[in-house]
Every structure is written in structure tokens, then in C-alpha cells.
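# Descriptive structure summary
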Amino acid sequence: MNHAVNTAQMSAFLRAWHWERHAVRVFEDPAAFTLFRREELSGMEAALQKGAGFFLPDFSGPPEDAVEEIMRRRLAPAPLARAAFGEQALKTAALLGAEQYLILAAGYDTFPYRQPLWAKTLTIFELDRPEVLADQRRRLEEAGFSMPQNLRYAPGDLRDPKWPQALGPDFDPGKTTFVSFMGLSHYLSREDLGALLGTLNGLLPQGSSLVFDYPSPDQPEFLRSLASGAGEPMDARYSYREMERLLSDRGFRIYEHLDAGELADRYFALYDRANPQKPMEAPAGTCCCLAVKK
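The following paragraphs examine the structure supplied in this document. (Residues numbered from 1 in each chain as written. Predicted model: local features only at pLDDT ≥ 70, side-chain atom pairs only at ≥ 80, totals over all residues. Heavy atoms only, no water.)

To continue, consider the overall build of the protein. The helix and strand inventory of the protein stands at twelve helices and seven strands. The C-alpha atoms of the protein give 18 Å as radius of gyration, which agrees with the globular expectation for 294 residues (19 Å, within 12%). In terms of its C-alpha atoms, the protein occupies a principal-axis envelope of roughly 55 × 45 × 35 Å. Taken over 294 residues, the protein has a buried fraction of 52%. Across the protein, contacts joining residues at least 24 apart in sequence account for 73% of those joining residues at least 6 apart. Summed over its atoms, the accessible surface of the protein is roughly 13200 Å², and 51% of this surface lies on carbon and sulfur atoms. Taking the average location of the 33 positive side-chain charges in the protein and that of its 40 negative ones, the two points are 2 Å from each other. (Helix = DSSP H or I, 4+ residues; strand = E, 2+ residues; numbered from the N terminus. Rg over C-alpha atoms; globule rule 2.2 N^0.38 Å. Buried < 20%, exposed > 50% of the residue type's maximum accessible area, 1.4 Å probe, protein only. Contact = heavy atoms within 4.5 Å. Areas by Shrake-Rupley, 256 points an atom, 1.4 Å probe, with all protein chains shown as cover. Lys, Arg positive; Asp, Glu negative; His and termini not counted. Charge placed at Lys NZ, Arg CZ, Asp CG, Glu CD.)

Let's shift gears to the sheet that holds strand β6 (residues 252-258). The mixed open sheet is built from seven strands, whose spatial order is β3-β2-β1-β4-β5-β7-β6. Unpaired on one side and paired on the other, β3 (151-155) and β6 mark the two borders of the sheet. Looking at each pair of strands side by side, their axes are set apart by 20° on average, direction ignored. Where strand β4 (residues 177-180) and strand β5 (residues 209-215) come together, three bridges link them in parallel fashion. (Pairing = 2+ DSSP bridges. Axes fitted to C-alpha atoms, helices over the stretch in contact; angles between N-to-C directions.)

The next thing to look at is helix α5 (residues 66-75). With nine of its ten residues buried, α5 lies for the most part within the structure. Residues of α5 that are buried include every one of Ala66, Val67, Glu68, Glu69, Ile70, Met71, Arg72, Arg73 and Leu75, and no others.

This brings us to helix α3 (residues 38-50). For α3, spanning 13 residues, the distance from its first C-alpha to its last is 18 Å, which sits close to the expected 18 Å at 1.5 Å a residue. Turning to α3, its buried residues number three or more, namely Glu40, Leu41, Met44, Glu45 and Leu48. All buried residues of α3 project into a common sector of 135° when viewed along the axis, lining one side. Facing away from the buried side of α3 by more than 90 degrees, the exposed set consists of Glu39 and Lys50. (Expected span 1.5 Å × (residues − 1). Arc of directions from axis to C-beta.)

For the rest of this paragraph, the subject is the packing of aromatic side chains. Each aromatic ring pair is described using two quantities: the centre-to-centre distance and the angle formed by the ring planes. For the structure on display, the rule yields nine aromatic pairs. Taking 4.9 Å as the distance between ring centres and 5° as the angle between the ring planes, the aromatic pair formed by Phe181 and Phe212 counts as stacked. Taken together, the residues span a long stretch of sequence, with Phe181 in the loop between β4 and α8 (190-203) and Phe212 in strand β5 at a distance of 31 residues. Phe212 carries the same exposure label as Phe181, and that label is buried. (Phe/Tyr/Trp six-rings, centres within 6.5 Å; stacked < 30°, edge-to-face > 60°.)

Counting buried positions along β5 yields seven of seven residues, so the element is predominantly enclosed. Residues of β5 alternate between two faces, with Ser209, Val211, Asp213 and Pro215 on one and Leu210, Phe212 and Tyr214 on the opposite face, all of them buried. Where β5 and strand β7 (residues 286-293) come together, seven bridges link them in antiparallel fashion. Bridged to Leu210 within β7 is Ala291.

Glancing now at the state of the cysteines. All chains considered together, the criterion is met by zero disulfides. Its sulfur unpaired, Cys287 is 7.8 Å from the next cysteine sulfur, which belongs to Cys288. Residue Cys288 is classed as buried on the basis of its relative accessible area of 0%. (Disulfide = S-S within 2.5 Å.)

Our next topic: the nonpolar core. Ranked by size, the top nonpolar core spans 59 residues in total, and within it Met71 and Phe85 carry the most contacts. By residue number, the principal contributor to this core is helix α6 (residues 77-95), which donates nine residues. Not counting the four nearest positions on each side in its chain, Phe85 is found in contact with Met182, Val211, Glu256, Leu258, Leu263, Arg266, Tyr267, Cys288, Cys289 and Leu290. Counting residues in hydrophobic clusters, the runner-up holds 31 residues, among them Met243, Leu247, Phe252 and Ile254. (Core = buried A, V, L, I, M, F, W, Y, C linked by side-chain atoms within 4.5 Å.)

Quick look at unusual backbone geometry now. Despite not being glycine, Ala105 has its phi angle at roughly 50°, a positive value. Along the chain, the position of Ala105 falls in the loop between β1 (100-104) and β2 (123-128).

Bringing the packing of α8 against helix α10 (residues 240-248) into the picture now. Packing of α8 against α10 leaves a shortest axis separation of 9 Å and a crossing angle of 40°. Judged by the angle between their axes, α8 and α10 are oblique. Residues Arg190, Leu193, Gly194 and Leu197 of α8 form the contact with α10, whose own contacting residues are Glu242, Met243, Leu246 and Leu247. Counted by class, the contact of α8 with α10 contains five nonpolar, one polar and two charged residues. (Parallel < 35°, antiparallel > 145°, perpendicular 65-115°, else oblique. Nonpolar A, V, L, I, M, F, W, Y, C, P; charged D, E, K, R; others polar.)

Let us now look at the pattern of salt bridges. In this structure the tally under the stated criterion is 26 salt bridges. Glu69 is the partner of Arg72 in a salt bridge, and the nearest nitrogen-oxygen pair spans 2.9 Å. Taken as a pair, Arg72 and Glu69 lie in helix α5 at a separation of three residues, close to a single helical turn. Here Arg138 ties to Asp135 by a salt bridge, and the two come within 2.7 Å at their closest N and O atoms. (Salt bridge = Lys/Arg side-chain N within 4 Å of Asp/Glu carboxyl O.)

In short, geometric facts, not functional conclusions.
Structure follows, in C-alpha cells:
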């Protein structure tokens, strides 16, 4: 598989690991655990143990503690916080009348397969490259999940300017839509992110909303090194004012915005109280944003 698939799998692995290991959770995703065979989970944990010196140069504990330390101090906080933020915003949008949910670069997102009652009125579109969607569906079917009636797979590539055509005839550009592209902006240049926002402005009606995370100037260097090593360099970082201007120039205004500390305060408090000796660190360098089309 290519690097992007591996990155998407790692995000799902983080959610699966958190679900299996902790009783008090930042984000609830029981379906993520079913995506992987036991040997795959063990293999990913072994790879993290082997890379402990890269993730945590100061780590000196036993190897069996390395994964827990890497997860809570480095890898897990940002994916867990952005997932919690995104689905909380989705629920609010659905209750306010959104009719469509578009997940860009869906990867191994399991929301359609564990959707609550409030989501049943949504038509959900998952857009990603064909091989990613096919692997996701295969894994979920092997785990016993059937495809939800309100889910539409949209095989396409966001690098193709004509990607909206992949949404097919069921996508209605006149309906209020909630769009999620968590994790994506880290790997886009400023020009590419601006082009994506411009396309979404042309695709969506007024009142539609976007939820995404983005890298702030204090993004940790180890994340940038890790991404570069995987063939997915992280080149762009944004201040709040820069992101606000980028969105405003393309017809969106910021409705809600949380930086790393605010994400930790909102989503990690219960977990940290349950695990006072091993708290979850704030997702340094990550901001989450909810924006609405003017």
C-alpha cells in the first residue's frame, strides 16, 4: 500500500488502541478496533516500540511501556481531539437541519457504521481513492458490518480538480451540507488548501459548514520529520489570523476555533482525572476549526 493508506490506517489504529486500552475515553469508536486483525495491531505496536527513541528521546522505561508513552504524549492526542470535535460539530449541524455529510479523504472513518439515530436523516458521502475505500469496506464487511443505506462511496482523488464529479447524482448542491476533512490540511500546500476551500465554496449552499484541523506555527518537529519520512511532507503552518483570512477570502467565516490547550481542556479532562499518573498531553501544534459559508 502507499504512504497515504498507511497514514489513514495509523489514525484508525490510534482510535482502536484507545478503545481497547482505556475505560474512560476521549473519543468512542468501537468499530475502529474491528478493522484490524490481532496480528496487525501487534505489528503496529511492535513498530512503535522499535521507534521509541525517535518519538521519545528521553524514554528509559521497559519496552512494554513504550507504546503507552508514545500514544498519550505524542501520537494519540491530536487524532482523538479532532475526532471528538468533529463529531460534536456534526451532531449540532444535523440537529439544526443539515441534510448531507461529506467526508473528504475519508480513510478508515467508521462513523457511517456506528451512526446514532440523529444521523439517520443525513446522506453520507465518503470520498477517497478507490483502493482506500475498497479496503475500508472489505475490513468492515469481514467484521460483520453491512453498508448503511444512507452511505454513498465516492471513489475520487482530491488532487483532480474535477473531484466533485465523483460524488455522483445523489449529491445535491442545493442541500445544506456538513463537510469534514480532518487531518488533510497538514499535507496540503497553502495553494492547495486555498483551492480546496474555493471549490467547496462553489459546491455548497449558504449555511453549510466545514470542520477541519490545521497545523499551527508550534507544530512539533518530530511530526514534520515523521510525515516527511512517510513521503507526505508537512510544509504549511498557519496562525489564527492567517487561517481566518484564508477562509474569509473564500466565503467562509470561523464559527468555532480551539487551539491545543483548549482542545485538551474540553476533551481530556475526564480521561486525565481517571488517569492522574498518565495524563494525555495537549495536541501541540493542532487547532480545530468550524467554519460556516457566509
